[in-house]
Amino acid sequence: MIDVQTKMAERAVELLCVPEDKPCYVLDIGCGTGLSGDYLSDEGHYWVGIDISPAMLDEALDRDTQGDVILGDMGQGIPFKPGTFDACISISAVQWLCNANKKSDVPAKRLYCFFSSLYSVLVRGGRAVLQLYPENSEQLELITTQATRAGFTGGVVVDYPNSAKAKKFYLCLFSGPSTSIPEGLSEDTEEEKPAKSTFTAERVPYRIARRGVVRKSREWVLEKKARRRRQGKEVRPDTQYTGRKRKPRF
Amino acid sequence: MRLLTHNLLSSHVRGVGPRGFPLRLQATEVRINPVEFNPDFIARMIPKVEWAALLEAADTLHLVEVPKEPIQGYEHNEEFLRKMHHVLLEVEVLEGTLQCPESGRLFPISRGIPNMLLSDEETET
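Residues numbered from 1 in each chain as written. Chains lettered and ligands numbered in written order. Predicted model: local features only at pLDDT ≥ 70, side-chain atom pairs only at ≥ 80, totals over all residues. Heavy atoms only, no water.

In the nomenclature of an unreviewed UniProt entry, chain B corresponds to Multifunctional methyltransferase subunit TRM112-like protein from the organism Odocoileus virginianus. The UniProt entry for chain B carries the following comment under Sequence similarities (unreviewed entry): "Belongs to the TRM112 family." (UniProt positions renumbered as here; feature names shortened; annotations may be inferred.)

If you check an unreviewed UniProt entry, chain A appears there as 18S rRNA (Guanine-N(7))-methyltransferase isoform X2 from Odocoileus virginianus. The Sequence similarities (unreviewed entry) comment attached to chain A in UniProt states, word for word, "Belongs to the class I-like SAM-binding methyltransferase superfamily. BUD23/WBSCR22 family."

Undergrad: Would you mind going over the side chain of Asp 86 of chain A with me for this structure?
TA: Structurally, the position occupied by Asp 86 of chain A is in strand β4 (residues 85-91). Assessed through its relative accessible area of 17%, Asp 86 of chain A is described here as buried. Of the polar contacts made by the side chain of Asp 86 of chain A, one reaches the side chain of Arg 44 of chain B; its length is 2.8 Å. Ignoring sequence-local partners within four residues, the contact set of Asp 86 of chain A consists of Cys 24, Tyr 25, Leu 122, Val 123, Gly 126 and Arg 127 of chain A together with Arg 44 and Lys 48 of chain B. (Helix = DSSP H or I, 4+ residues; strand = E, 2+ residues; numbered from the N terminus. Buried < 20%, exposed > 50% of the residue type's maximum accessible area, 1.4 Å probe, protein only. Polar contact = N/O pair within 3.5 Å; in protein donor to acceptor, adjacent residues only side chain to side chain. Contact = heavy atoms within 4.5 Å.)

Undergrad: What should I look at first to understand the pairing of strand β2 (residues 91-99) of chain B in this one?
TA: Every other side chain in a regular strand lies on the same face of the sheet, so the side chains alternate between the two faces. All names here are of chain B. Two strands pair when backbone bridges link them, and strand β1 (residues 24-32) and β2 are joined in this way by eight bridges, in the antiparallel orientation. Of the residues in β2, the one forming a bridge with Arg 31 is Glu 92. Note: β2 against strand β3 (residues 106-110), four bridges, orientation antiparallel. Looking across to β3, one finds that Thr 97 is bridged to Pro 108. The antiparallel hairpin formed by β2 and β3 contains six residues in its connecting segment, where Gly 104 sits at a positive phi of about 80 degrees. (Pairing = 2+ DSSP bridges.)

Undergrad: Where do I start with the pairing of strand β5 (residues 122-132) of chain A in this structure?
TA: All names here are of chain A. Across the eleven residues that make up β5, a large majority, eight, are buried. Bridge analysis of β4 against β5 gives six bridges, and the strand direction is parallel. Residue pairing in the sheet places Ile 91 in a bridge with Gln 131 of β5. Where β5 meets strand β7 (residues 168-174), six bridges bridge the pair, whose relative direction is antiparallel. The residue bridging Val 129 from the neighbouring strand is Cys 172, located in β7.

Undergrad: Mind showing me how you'd approach the sheet that holds β2 of chain B here?
TA: Sheets are built from strands that pair by backbone hydrogen bonding, the pairs being arranged parallel or antiparallel. All names here are of chain B. The four strands are arranged β1-β2-β3-β4 in an open sheet whose pairing can be described as antiparallel. Two strands bound the open sheet, and with one partner strand each, they are β1 and β4 (113-114). The pairing of β3 with β4 spans two bridges and is antiparallel. Bridge pairing in β4 links Ile 109 to Pro 114.

Undergrad: Would you mind showing me how to read the nonpolar core here?
TA: A general trend in soluble globular proteins is that nonpolar side chains are found buried together. Residue and element names in this part refer to chain A. Judged by nonpolar contacts, the single largest core of 70 residues is most densely connected at Phe 114, Phe 115 and Leu 118. Contact partners of Phe 115, with chain neighbours within four places excluded, come to Leu 130, Ile 143, Gln 146, Ala 147, Ala 150, Phe 152, Leu 171 and Leu 173. Core analysis: the next-biggest nonpolar cluster, separate from the first, contains 24 residues, Met 8, Leu 16, Trp 47 and Ile 91 among them. (Core = buried A, V, L, I, M, F, W, Y, C linked by side-chain atoms within 4.5 Å.)

Undergrad: I'm lost on helix α3 (residues 51-60) of chain B in this one. Help?
TA: Two residues of an α-helix separated by three or four positions point the same way, owing to the 3.6 residues in each turn. Residues and elements named next belong to chain B. Among the residues of α3, Trp 51, Ala 53, Leu 54, Ala 57 and Ala 58 are the ones counted as buried. Around the axis of α3, the buried residues are gathered within 160 degrees of arc, so they sit on the same side. Exposed and facing more than 90 degrees away from the buried side of α3 are Ala 52 and Asp 59. On its buried face, α3 is in contact with α1 (3-8), β1 and α4 (78-90). With its phi angle positive at about 55 degrees, His 62 sits one or two positions after the end of α3. (Arc of directions from axis to C-beta.)

Rendered as structure tokens:
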């Protein structure tokens, strides 16, 4: 039985799109007990892990991982020379930056510090794939905003978006010129169902349609009511009295 | 902690920036661990290695047979690559300290794990 962590590590390495048979120097953020690191070693890569928990790192030592591990806080920055790593992965770790453990912690600052130092330690054109569990869309937006501020391009790949259990978020970041992000996995692969809405440059000729209608006429009133219904507002139903010509008393 | 990692580690104390490198190594316990030789990887890491820091670290650990500088055409020189592989990947520091050259701050190494946690005052703003 393959561990969930190992499966996520496998998907993260797949999203990294490193050339085959080329051993890379990879940074594993939040490496924990080194499960993802073991997968990296199996693929022939060399890695360095960083984690904040001494207990997890002790466990990693007992498991005799092939990569070096460092005790450190990613929110304080990655303590390496610029251009050290070819790639970076992270499994279920980055969302912890959004928690403020101490009163003095500001999550946005810690996120920015992390992403800017990550940008620096990656080689030019290096990639980072961070698997995370965002609590809500605001948290995901906070994380992606700070990553963009630090200079990264890229996007979020969502695997199995329709399954509550299997849904996984992978934040794919590129430090070089922008390339297209890979497609997320989904259960029904036969159907060509786009996960994102299609944007068209077509503009609906709205104003031209409205110019023909006389203001305050019955037609105009009906059109306005239909527009408000489209906007989702509460509108009284249309009856025979809608837009009726009132007595001059009004 | 292997010497390759030490060579690339830098201090991230506030205000230090690029002067936080190289970290001065003091080791009390060292271990030699055989690692599978991969010439591609070693050849690719040679340009990233900071030789002065590597020589200093190797000197502290009393290592012999450390090349003084990269040879011309090192990618195909297997003997050179093997020596570098031994120095960079097979020598592990288990106990010791790393010192930031600019701020003098000491990072302890325990069971091969360097402790790079900073206090609040030292963290970059």
